[in-house]
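Residue-level listing of the chains:
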Amino acid sequence: MDFNGKVVIITGASSEIGAGTAKYLAKLGASLVLTGRNEESLQQTGKDCEAIGKVKPLLVVADVTKEEDNTLVIDETVKKFGKLDVLVNNAGKGVGGSIESTSMSQFDDCMNTNLRGVFHLTQLAVPYLIKSKGNIVNVSSVAGTRSFPNVLAYCISKAALDQFTRCVALELAPKGVRVNSVNPAVIVTEFHKRLGMDDPSYQAYLKRSEETHALGRVGTTAEVAAAIAFLAADTASFITGTNLCVDGGKNVMCPR
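The notes below deal with the structure included here. (Residues numbered from 1 in each chain as written. Predicted model: local features only at pLDDT ≥ 70, side-chain atom pairs only at ≥ 80, totals over all residues. Heavy atoms only, no water.)

Position of T77 among the secondary structure elements: in helix α3 (residues 67–81). The class for T77 is buried, based on a relative accessible area of 1%. Taking the C-alpha atoms as reference points, T77 and V252, 175 residues apart in sequence, are found 39 Å from one another. The residues touching T77, leaving out its near neighbours within four places in the chain, are V7, I9, V33, L58, G82, K83 and L84. (Helix = DSSP H or I, 4+ residues; strand = E, 2+ residues; numbered from the N terminus. Buried < 20%, exposed > 50% of the residue type's maximum accessible area, 1.4 Å probe, protein only. Contact = heavy atoms within 4.5 Å.)

Shown next as structure tokens:
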């Protein structure tokens, strides 16, 4: 996989899967545009990528839920690099709650980040991706392919993102643009702690997850980053409309 000369936007690049993907693609020679809301963390990701790669990343502090920020990201990318080859829609958030407990503000907040922001940024990026015959990788979840209680808004947002991926893949295929997603299961990040788990509960959850993943363990950000890189690279030139489960077999398991 060679990304030399490829311009790649990664949203939510200030931490976890986004930061891991940025560093992975920096090693492969990509010219990176990194966006995120946390400026300090984004700066750190940028420094890490600069130390690894050949091209200093362009950093844009931006919130995918703000239309003016999405416009800024595309404008700054084209201004600096003159083109766009890959869009990685990674920014996302989780929210706990059931049909009885999820407020409409929680639902809207989740959908605005996980779906509406992706829709808008993709819409802005498409003209440039058509010119470069580039591609899009959306970061979804096993929550988009399977059903789980008490994370209702999150599951809905990721299921919708998977349908978005497939539909846009069909729309852009005649124009030479590929669109795919990765669908991770449990990955070691701060995601579940942000949903309210304390450390002992999280460690117990990781232990339990050894039984709910066929491979007997949870995943790492590096493993998700490798899958994103594969789909974004020319090596996947005949793959579009795919929701690639990076999940240790969780998606195909059933309770017994």
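This part takes up the side chain of N183. Tracing the backbone shows N183 in strand β6 (residues 178–184). A relative accessible area of 0% means that N183 is categorised as buried. If we skip the residues at most four places from it in the chain, N183 touches S140, S141, V142, T145, D162, N243, L244, C245, V246 and D247.

We now examine a nonpolar patch on the surface. Together, I99, L152 and I156 make up an exposed nonpolar region whose accessible area comes to about 270 Å². Along the chain, L152 falls in helix α5 (residues 152–172). (Patch = residues over 30% accessible without salt bridge, like charges linked within 9 Å, V, L, I, M, F, W, Y side chains within 5 Å. Areas by Shrake-Rupley, 256 points an atom, 1.4 Å probe, with all protein chains shown as cover. Salt bridge = Lys/Arg side-chain N within 4 Å of Asp/Glu carboxyl O.)

Considering all chains together, one arrives at 1 aromatic pair under this definition. Centroid distance F119 to F164: 5.8 Å. Interplanar angle 45°. Geometry classified as tilted. Of this pair, F119 sits in helix α4 (residues 104–132) while F164 sits in helix α5, and the two are 45 residues apart along the sequence. In this arrangement the basic side chain of K80 is found over the ring face of F81, its NZ or CZ atom lying 5.4 Å from the centre. (Phe/Tyr/Trp six-rings, centres within 6.5 Å; stacked < 30°, edge-to-face > 60°. Lys NZ or Arg CZ within 6 Å of the ring centre and 35° of its normal.)

Burial of strand β3 (residues 58–61) is one-sided: the residues L58 and V60 facing one way are buried, the residues L59 and V61 facing the other way are not. Examined bridge by bridge, strand β2 (residues 31–36) and β3 share 4 bridges and lie parallel to one another. The residue of β3 that forms the bridge with L34 is L59. Taking the sense of rotation as the criterion, the β-α-β connection linking β2, helix α2 (residues 39–52) and β3 turns out right-handed. (Pairing = 2+ DSSP bridges. Right-handed = clockwise from strand over helix to strand, strands pointing away.)

With that settled, the discussion passes to the sheet that holds strand β1 (residues 7–10). Strand order in this open sheet of 7 strands is β3-β2-β1-β4-β5-β6-β7, and the pairing throughout is parallel. Single-partner strands in this sheet number two, and they are β3 and β7 (243–246). Strand-to-strand twist in this sheet, taken as the mean axis angle between neighbours without regard to direction, amounts to 15°. Both β1 and β2 contribute to a ladder of 4 bridges, which runs parallel. Bridge pairing links I9 to V33 in β2. Packed on one face of the sheet, α4 meets β4 (86–89) and β5 (135–139) and runs near 175° to β4. Packing of α5 onto the sheet brings it into contact with β5, β6 and β7, and relative to β6 it is tilted by some 160°. (Axes fitted to C-alpha atoms, helices over the stretch in contact; angles between N-to-C directions.)

This part covers the packing of helix α1 (residues 16–27) against helix α8 (residues 221–232). Orientation of α1 relative to α8, taken along the N-to-C sense of each, is 60°, at an axis distance of 8 Å. Judged on the interaxial angle alone, α8 and α1 are oblique. Handedness of the α1/α8 crossing: right-handed. Contacts between α1 and α8 involve E16, I17, G20, T21, Y24 and L25 on the former and, on the latter, T221, A222, V224, A225, A226, I228 and A229. Across the contact of α1 with α8, the residue classes break down as 9 nonpolar, 3 polar and 1 charged. (Parallel < 35°, antiparallel > 145°, perpendicular 65-115°, else oblique. Left-handed = near helix turned anticlockwise from the far one by under 90°. Nonpolar A, V, L, I, M, F, W, Y, C, P; charged D, E, K, R; others polar.)

Moving on, we come to the nonpolar core. The biggest cluster of nonpolar side chains holds 28 residues, and the ones touching the most others in it are F3, V8, I10, L25, L32 and V182. Sorting the residues of this core by element identifies β1, α1, β2, α2, β4, β5 and α8 as the ones contributing at least two each. The element best represented in this core is α8, accounting for 6 residues. Setting aside residues no more than four positions away along its own chain, V182 makes contact with V137, N138, V139, S140, S141, V224, A227, I228, L231, L244 and V246. Formed by 23 residues, the second largest nonpolar core is a distinct cluster that contains V60, F164, A169 and L172. (Core = buried A, V, L, I, M, F, W, Y, C linked by side-chain atoms within 4.5 Å.)

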